[in-house]
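Residue-level structure breakdown
So the chains spell out like this:
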Amino acid sequence: MSVPVVDDAEILSKFQDEKTRNEAFNMLLKKYQQKIYWHIRRMVIDHDDADDIAQDVFVKVWKNLPSFRADAQLYTWMYRIATNECITFLNKKKAKNNVSLDDVDSSLGDTLAASSYFDGDKAQRKLQEALLTLPDKQRLVFNMKYYEDMKYEEISDVVGTSVGALKASFHLAVKKIEAFLLSKD
Amino acid sequence: MKSESENREWLDEFMSLKQVSPLNPFTVPPGYFDESAKQIISAIKLEELESGYDFTIPQNYFTQLSNNIQSRVNLEELKTGNGFTIPQDYFDELSISIQSRINLEELKAENEFSVPQNYFDELSSNIQSRINLEELKAENEFSVPQNYFDELSSNIQSRINIGAYVNNEADGHAIPQDYFNNLEEQITARIFVEETLNQDESFAVPAGYFDKLNQAVLNKTVNQDVVKRKKTGIVRRMYETNTFKYAAAACFMVMVGTGLIISNLATPTEHANTFLHKQLSTVSTSDIQSYLQDDVDANDTQHTVIDENTPVNTKSLSDALQDNDDTTN
């Protein structure tokens, strides 16, 4: 990941001032908008769903940024919000369709197959199908480690799970993916 | 975050996964993120507008909401139950009662009493002064005789009547000047005269005594010397009426008594010129003695010519006549 152009402290400082609040929020959007979006998009697969969730996440960031505690990192705080929104969305989708987890995975697979905003090759598509076989939390951890190359400590701050549990979960997820890829070859 | 090269070592264990490109296979519409930023800003503004019209609730409203609802439910159950009763037609008359009360309050407000300025500021000092004055009065209380006030009205009325009687000259009841100044002296003199006159009442005479006395005296004196008196002058009838007789007798007794008193106090006076002596001078001593012996008892002269301590007899009478007979002198 690229180094942030603007320091988080400067963004927060400007956001505290009423006159520079909008400016600070624009800086925050430019810095974290795509990261948050891709984090959501890999979880919900569909672009429109990711778009809605991303907007909701930034609205919540706007509302709750005045009460943000400086002892935590700004981006992990926003990732936690986005992660919770994704989990909530997926749970609602399961509850709404009243389908089993397998059916959900099948639905996401159909979405992935029909999506016009997927530009991956066969191997990448196969990897995404493998990821859809994982539980949401394992998929979440794998995405943050595989695609975003985050440290376990940072992932731990986002999902609220210990580093050891994250490592075990990640290795378990990788073995499942490896097995899926080998079985489909 | 670490670089991808640093984090890809774990892929060596998973060859199938390692062959997959780690690039993001997902794409977005062209210009999406530019539009997305605008959309997010618009969404935030819309949210702010909506939140500006949000209703606010008291602190801990929802925390206490369940308890409040339960309390309200309990209260309603109490009301709807038989716990409280109201008078018959209470609610029918309630509006009228309230309106009457409102009218009364308005009337009170219109007829508000007012007090002088600084009344209440000076009230305490005024009350204290009044209390002190009452206490001073109680200490110096005057007393009146018993039943004074019961008799007061009658006394005043009597005083008014006396004053009206004394001063009412218009009714013709005028009194001489200095009447009341001399009244005491006059009353004293009147009492003395009355007492002196009434002393005769202590003497008693037989019935028709003075008639007989007059006749006897006339027979023995005037009638016997009628020729002689015609020669000597005019004979005056002494006892023409009874009143004159009584008056003459009274005057005689007074004069005799007065003469005795004066004789005891001063030198004897000459009686030769008195009317009685003149009349008696023509009567001889022997005739008087015989008259007295025949017609006068001891009581007739007890307080006149004879000392009351001296026994009455012929001798004493003779001595008395000798002493008082001017003709023999």
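For the structure itself, consult the block above.
Residues numbered from 1 in each chain as written. Chains lettered and ligands numbered in written order. Predicted model: local features only at pLDDT ≥ 70, side-chain atom pairs only at ≥ 80, totals over all residues.

**With respect to the interface of chain A and chain B**
Test applied: Contact criterion: two residues are in contact if their C-beta atoms, reconstructed from the backbone, are within 7 Å. All residues other than Ala, Val, Leu, Ile, Met, Phe, Trp, Tyr, Cys, Pro, Asp, Glu, Lys and Arg, Gly among them, are scored as polar; the first ten of these are nonpolar and the last four charged.
Residue-level contacts link 32 residues of chain A with 25 residues of chain B. Partitioning the side of chain A that touches chain B into residue classes produces 18 nonpolar, seven polar and seven charged.

**Overview of the packing of helix H4 (residues 74-97) of chain A against helix H8 (residues 152-159) of chain A**
Residue and element names in this part refer to chain A. The cut-off we apply is this: Between N-to-C directions, angles cover 0 to 180 degrees, with each direction set by a line fitted to C-alpha atoms, over the stretch in contact for helices. Secondary structure elements follow DSSP: runs of H or I of four or more residues count as helices, runs of E of two or more count as strands, with numbering from the N terminus. Each angle receives one of four descriptions, namely roughly parallel if under 35 degrees, roughly antiparallel if over 145, roughly perpendicular if within 65 to 115, and oblique otherwise. Take the far helix as the reference: if the near one is turned anticlockwise from it by less than a right angle, the crossing is left-handed, and if turned clockwise, right-handed.
Axis separation between H4 and H8 bottoms out at 8 Å; the angle between their running directions is 50°. With respect to their mutual orientation, H4 and H8 come out oblique. Along this stretch, H4 crosses H8, giving a crossing that reads as right-handed. Residues Thr76, Tyr79, Arg80 and Thr83 of H4 form the contact with H8, whose own contacting residues are Glu154, Asp157, Val158 and Val159.

**Observations regarding the nonpolar core**
Residue and element names in this part refer to chain A. Quick note on the threshold: Think of a nonpolar core as buried Ala, Val, Leu, Ile, Met, Phe, Trp, Tyr and Cys residues chained together by C-beta atoms that fall within 7 Å. With C-beta atoms placed from the backbone, a residue counts as buried when 20 or more other C-beta atoms lie within 10 Å of its own, as exposed when 12 or fewer do, and as partly exposed for counts between those limits. Here the bounds of each domain stem from an automatic or database domain assignment.
Counting 49 residues, the largest nonpolar core has Ile36, Ile40, Ala54, Met78, Val141 and Ile177 as the members making the most contacts within it. Among the elements that line this core, the one with the most residues is helix H2 (residues 21-44), at 10 residues. Formed jointly, this core draws a minimum of three residues from each of two domains, domain 1 (1-99) and domain 2 (119-185). Those residues in contact with Val141 that sit more than four places away from it in its chain are Ile155, Val159, Leu166, Ser169, Phe170 and Ala173.

**Quick word on H2(A)**
This is how it is decided: Note on bend: the value at a residue is the angle between axes fitted to the seven residues ending there and to the seven starting there.
Along H2(A), the sharpest change in direction is near 50° and occurs at A:Tyr32. Two residues or fewer after H2(A) comes A:Ile45, characterised by a positive phi angle close to 70°.

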